[in-house]
Amino acid sequence: MTTFYSEHSKAYVSVDCIIFGFDEGHLRILIGKRQMDPGRGEWSLYGGFVNHNESVDEAASRVLYELTGIKNIYMKQVHTFGAVDRDPGERVISVAYCALINVKDYDQSLLEEHEVQWVDLEKLPKLYSDHNKMVNKAITMLRRRINTEPLSFNLLPELFTLTQLQHVNEAILGEEIDKRNFRKKIKTIDFIEKTDLIDKETSKRGAALYRFNKTMYREESVSKL
């Protein structure tokens, strides 16, 4: 360890993960009771400190994998929170990350292991420190990106109905979408493919199932560069 910068005060760096899921028509967030001081017992996002041998992105990926057991999760850096008094324990600078997962892919045993639970966004309680601000920043980011990036598919199963896709978009935007205009728009998007399969579980009439073609999306994105 060198003695460079010894004249400057030190600060801890952490990552906090805002993990969104979609279930029963609601956008949900994974939260738990804080298991350390300060703030023990308060509702909190799941996070951790950045190790000396990893980047903040690597730390966020590690924390997400520890909590979900899922690899290749959609993850975006939201904002850096560095108010001097944001943590009553020490000077802690936190980098917040937004992640999107399909709730059905999440191993329910991990909920008990990590003592976390899914909470509807509209029923989110007061969280530790500035974690509510982190959630608000993440939602704002998703609403800004939803019309230019295929975010919704990260919250859905591989095969989905157009009604499910519409409901995910409505949950993120926090408002209803006109069904006719939504479906008209979907028909113009090549990377949303209609399959020959029918959904007989969530639709009484049997709605057509669609899939997100990642390869076609990447090819279209490259062609626009």
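Refer to the structure presented above.
Let us look at the structure shown here. All values reported here derive from a predicted model rather than from experimental measurement. (Residues numbered from 1 in each chain as written. Predicted model: local features only at pLDDT ≥ 70, side-chain atom pairs only at ≥ 80, totals over all residues. Heavy atoms only, no water.)

A few words on the overall build of the chain. From N to C terminus, the chain includes 6 helices and 9 strands. Seen along its three principal axes, the alpha-carbon backbone of the chain occupies a region of about 65 × 40 × 30 Å. Burial analysis of the chain (225 residues in total) assigns 42% to the buried set. If you sum the accessible surface of the chain, you get close to 13900 Å²; carbon and sulfur atoms cover 48% of it. Here the chain contributes 32 positively and 34 negatively charged side chains, and the mean placements of these two sets differ by 6 Å. (Helix = DSSP H or I, 4+ residues; strand = E, 2+ residues; numbered from the N terminus. Buried < 20%, exposed > 50% of the residue type's maximum accessible area, 1.4 Å probe, protein only. Areas by Shrake-Rupley, 256 points an atom, 1.4 Å probe, with all protein chains shown as cover. Lys, Arg positive; Asp, Glu negative; His and termini not counted. Charge placed at Lys NZ, Arg CZ, Asp CG, Glu CD.)

Together, Tyr12, Met36 and Phe49 give the surface a local cluster of nonpolar side chains, amounting to about 310 Å² of exposed area. Looking at the secondary structure, you find Phe49 in strand E4 (residues 46-49). For Phe49, a relative accessible area of 40% corresponds to the partly exposed category. (Patch = residues over 30% accessible without salt bridge, like charges linked within 9 Å, V, L, I, M, F, W, Y side chains within 5 Å. Salt bridge = Lys/Arg side-chain N within 4 Å of Asp/Glu carboxyl O.)

This paragraph deals with the nonpolar core. Side chains of a nonpolar character, in soluble globular proteins, are inclined to be buried together. In terms of nonpolar packing, the biggest core is built from 41 residues, with Ile18 and Phe20 touching the most fellow members. Those elements that provide at least two residues to this core are strand E1 (12-23), strand E2 (26-33), strand E5 (74-81), strand E6 (92-100), helix H3 (131-145), helix H4 (162-173), helix H5 (179-186) and strand E9 (207-212). The greatest single-element share of this core, amounting to 6 residues, is contributed by H3. Not counting residues up to four positions away in its chain, the partners in contact with Ile18 are Ile29, Leu45, Val78, Ala96, Tyr97, Cys98, Ala99, Met134, Val135 and Ala138. Membership of the second largest hydrophobic core comes to 21 residues, among which are Ala59, Leu67, Val95 and Ala99. (Core = buried A, V, L, I, M, F, W, Y, C linked by side-chain atoms within 4.5 Å. Contact = heavy atoms within 4.5 Å.)

This part covers the side chain of Asn169. Examined against the element boundaries, Asn169 turns out to sit in helix H4. A residue is classified by how much of its surface remains accessible, and Asn169, at 11% relative accessible area, is buried. Reaching out from Asn169, the side chain makes a polar contact with the side chain of Ser152 at a distance of 3.1 Å. With residues up to four places along the chain from it excluded, the contact list for Asn169 reads Ile146, Ser152, Ile177 and Phe182. (Polar contact = N/O pair within 3.5 Å; in protein donor to acceptor, adjacent residues only side chain to side chain.)

Assignment of secondary structure puts His114 in helix H2 (residues 109-114). Engagement of the side chain of His114 in a polar contact is seen with the side chain of Tyr46, the distance being 3.3 Å. Those residues in contact with His114 that sit more than four places away from it in its chain are Gln35, Tyr46, Glu66 and Leu67.

This next bit is on the pattern of salt bridges. Per the counting criterion, the structure on display carries 9 salt bridges. Where Arg86 meets Asp130, a salt bridge forms, and the shortest distance between an N and an O atom there is 2.8 Å. Taken as a pair, Arg86 in the loop between E5 and E6 and Asp130 in the loop between strand E7 (116-120) and H3 lie far apart in primary sequence, 44 residues in all. Assigned by exposure class, Arg86 and Asp130 land together as buried.

A few words on unusual backbone geometry. A cis amide bond links Asp37 with the next residue in sequence, Pro38, at an omega value of -5 degrees. Even without a glycine there, the phi angle at Asn72 is positive, about 55 degrees. For Asn72, the position within the fold is in the loop between helix H1 (56-68) and E5. On the accessibility criterion, Asn72 (82% relative accessible area) is exposed.

Relative to the helices and strands, Val63 resides in helix H1. Separated by 13 residues in the primary sequence, Val63 and Val50 have C-alpha atoms spaced 9.7 Å apart. In this structure, Val63 is in contact with Val15, Cys17, Tyr46, Gly47 and Gly48, ignoring residues within four places of it in sequence.

Two elements in contact, H4 and H5, have axes separated by 11 Å at closest approach and are oriented at 110 degrees. The angle between H4 and H5 places the two elements in the roughly perpendicular class. Between H4 and H5, the residues in contact are Leu162, Thr163, Leu165, Gln166 and Asn169 and Lys179, Phe182, Arg183 and Ile186, respectively. Within the contact of H4 with H5, the residues separate by chemical class into 4 nonpolar, 3 polar and 2 charged. (Axes fitted to C-alpha atoms, helices over the stretch in contact; angles between N-to-C directions. Parallel < 35°, antiparallel > 145°, perpendicular 65-115°, else oblique. Nonpolar A, V, L, I, M, F, W, Y, C, P; charged D, E, K, R; others polar.)

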